[in-house]
Amino acid sequence: MTIQQILRDAGSYLKERNIEDPSREAGLLLSWYLKKDLGYLYGHMDMELDENAISGFMSLIERRGRHEPYGYITGQCEFMSLTFEVNPAVLIPRADTEILAEAALFALGKFTLSASEAQIPVLPKKETYRGLDMGTGSGCLAISIAKYMPSIIMDAVDISEEALNTARRNAIRHKVINRVNFFRYDILSDSFISRYTEGNKYDIIVSNPPYIPDGDIPTLMPSVKDYEPYNALAGGEDGLIFYRAIAKLSEKLLADDGILAVECGFDQAENIRDIFAREKLKSVFLKDFSGINRVIVAIKQV
Ligand code: GLN
């Protein structure tokens, strides 16, 4: 079979199983499987593949046909132009979350395009900043912020030991393990506060917490609800449980001129602004690529 034939078969297989953009997905998977870029594949459409290659590739296509996410099949995902290891213990980083990373970097004095349009506050200049990522998952936020901001030391917490191990490997891969400390914590529990209330406060706190209302999880796409970790998705009855906890924690953990930046669900920004306001945090919104308020940046009101 030639590359052209196998791509056509794989594309129609995925199409029958309602995978969006089936030809592109087939091309990307073959390119990953053969370790050749897409341009190479399109330039060698007549190349014959041997039996082994065909059955190996088709088993990946079958997994994708069962709606297993592309990221879990390849074990990796791009975020902020960095490649992160992902596995079923962690949420696959989303493009929208880059807006949060960019907002944090903007607040730290790095110019970023998406954040420059909003009225985001910039932290006073400092030799070393301290940051906290709550619910770090793959570590994509803590690690990309540390990577692009050499003068920050990050703490990153998660409830899942498996997620933390993944995040540690990602920090090693991106050479920031000396500036990102990982801790296992349940941000809904009090022990979190007691560990941190003494001493140092944070200049910046970021979080992309689980924010899907529990009852909505069964309505999500199969690739999400059947494969991504439930505890990375479910945000309690109204989806806002973590924002309440984060607001309370920020009251104690955030420096007086510090910044809190979170991602939220498509209809949650105003409710979260109100939750934050109760803890004397003043919010501005940033929109995602579909024009939805997706990121909230808040400062303490003094
Ligand atoms: N912070 C990680 C991310 O943004 C994990 C988020 C989560 O599991 N809810 O991808």
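Not measured: the values here are computed from a predicted model.

J.: Help me understand the pattern of salt bridges in this model?
T.: A pair can form between side chains of opposite charge whenever their charged atoms are brought close. In this structure the tally under the stated criterion is 14 salt bridges. Ionic pairing is found between lysine 126 and aspartate 203, a salt bridge with its closest N-O pair at 2.6 Å. One end of the pair, lysine 126, is in the loop between helix H7 (113–116) and strand E3 (129–134); the other, aspartate 203, is in strand E6 (residues 202–207), and 77 residues separate them in sequence. Residue classification places lysine 126 among the partly exposed residues on the basis of a relative accessible area of 44%.

J.: Teacher, can you tell me more about the packing of aromatic side chains here?
T.: Two aromatic rings, taken as a pair, are described by how far apart their centres are and by the angle between their planes. Here the structure, examined in full by the defined rule, presents two aromatic pairs. An angle of 40° between the planes, with centres 6.3 Å apart, marks the rings of tyrosine 33 and phenylalanine 57 as tilted. With tyrosine 33 in helix H2 (residues 22–34) and phenylalanine 57 in helix H4 (residues 51–65), the pair connects residues that are 24 residues apart, well separated along the chain. Of the residues examined, phenylalanine 57 reaches a relative accessible area of 0% and is grouped as buried. Note that arginine 17 overlies the ring of tyrosine 13, its terminal NZ or CZ placed 3.6 Å from the centroid.

J.: Sorry if this is basic, but what is going on with the site of the ligand here?
T.: Every residue near the ligand is listed here: Leu91, Pro93, Thr97, Gly135, Thr136, Gly137, Cys140, Leu141, Asn208, Pro209, Pro210 and Ala232. Backbone polar atom of threonine 136 to a nitrogen atom of the ligand: 3.3 Å apart, as the coordinates give it. Within the contact set of the ligand, an oxygen atom lies 2.9 Å away from a side-chain nitrogen or oxygen of asparagine 208. Relative to its unbound accessible area of 290 Å², the ligand is 97% covered by the protein chains. Along the lines of polarity and charge, the residues of the shell around the ligand split into seven nonpolar, five polar and no charged.

J.: In this structure, what is going on with the nonpolar core? I would like to understand it.
T.: Nonpolar side chains in soluble globular proteins generally cluster together in the buried interior. Counting 39 residues, the largest nonpolar core has Ile152 and Ile204 as its most contacted members. Contact partners of isoleucine 152, with chain neighbours within four places excluded, come to Leu108, Tyr129, Arg130, Gly131, Ile145, Ala146, Arg179 and Ile204. Counting 33 residues, the second largest nonpolar core, distinct from the first, contains Leu220, Ala247, Leu249 and Leu253.

J.: Which parts of the structure should I look at to understand the sheet that holds strand E8 (residues 281–287)?
T.: In sheet architecture, strand pairing relies on hydrogen bonds along the backbone and comes in two forms, parallel and antiparallel. Strand order across the open sheet formed by seven strands is E5-E4-E3-E6-E7-E9-E8, with mixed pairing between neighbours. Whereas interior strands pair on both sides, the edge strands pair on one side only; in this sheet they are strand E5 (180–184) and E8. Strand-to-strand, the axes of this sheet are offset by a mean angle of 20°, without reference to chain direction. Strand direction decides the pairing type here: strand E4 (residues 152–158) and E5, joined by five bridges, are parallel. Bridging from a neighbouring strand, methionine 154 pairs with valine 180 of E5. The strands touched by helix H13 (residues 241–253) within the sheet are E3, E6, strand E7 (254–263), E8 and strand E9 (293–300), with E7 carrying the most contacts at an inclination of about 160°.

J.: What exactly am I supposed to notice about a negative patch on the surface here?
T.: Taken together, the side chains of Asp214, Asp216, Glu237 and Asp267 define an acidic patch exposed on the protein surface. Turning to its location among the elements, aspartate 216 is positioned in the loop between E6 and helix H11 (222–225).

J.: Is there a simple way to think about the pairing of E6 in this case?
T.: Working note: regular strand, side chains alternate between the two faces of the sheet. With respect to burial, E6 is a largely interior element, six of its six residues being buried. Bridge count for E3 against E6 is four bridges, and the pairing is parallel. Following the sheet pairing, glycine 131 is matched in E6 by isoleucine 204. Pairing analysis gives five bridges linking E6 to E7, with the strands arranged parallel.

Rules used in this analysis
Residues numbered from 1 in each chain as written. Predicted model: local features only at pLDDT ≥ 70, side-chain atom pairs only at ≥ 80, totals over all residues. Heavy atoms only, no water. Salt bridge = Lys/Arg side-chain N within 4 Å of Asp/Glu carboxyl O. Helix = DSSP H or I, 4+ residues; strand = E, 2+ residues; numbered from the N terminus. Buried < 20%, exposed > 50% of the residue type's maximum accessible area, 1.4 Å probe, protein only. Phe/Tyr/Trp six-rings, centres within 6.5 Å; stacked < 30°, edge-to-face > 60°. Lys NZ or Arg CZ within 6 Å of the ring centre and 35° of its normal. Near = heavy atom within 4 Å. Polar contact = N/O pair within 3.5 Å; in protein donor to acceptor, adjacent residues only side chain to side chain. Areas by Shrake-Rupley, 256 points an atom, 1.4 Å probe, with all protein chains shown as cover. Nonpolar A, V, L, I, M, F, W, Y, C, P; charged D, E, K, R; others polar. Core = buried A, V, L, I, M, F, W, Y, C linked by side-chain atoms within 4.5 Å. Contact = heavy atoms within 4.5 Å. Pairing = 2+ DSSP bridges. Axes fitted to C-alpha atoms, helices over the stretch in contact; angles between N-to-C directions. Patch = residues over 30% accessible without salt bridge, like charges linked within 9 Å, V, L, I, M, F, W, Y side chains within 5 Å. Lys, Arg positive; Asp, Glu negative; His and termini not counted. Charge placed at Lys NZ, Arg CZ, Asp CG, Glu CD.

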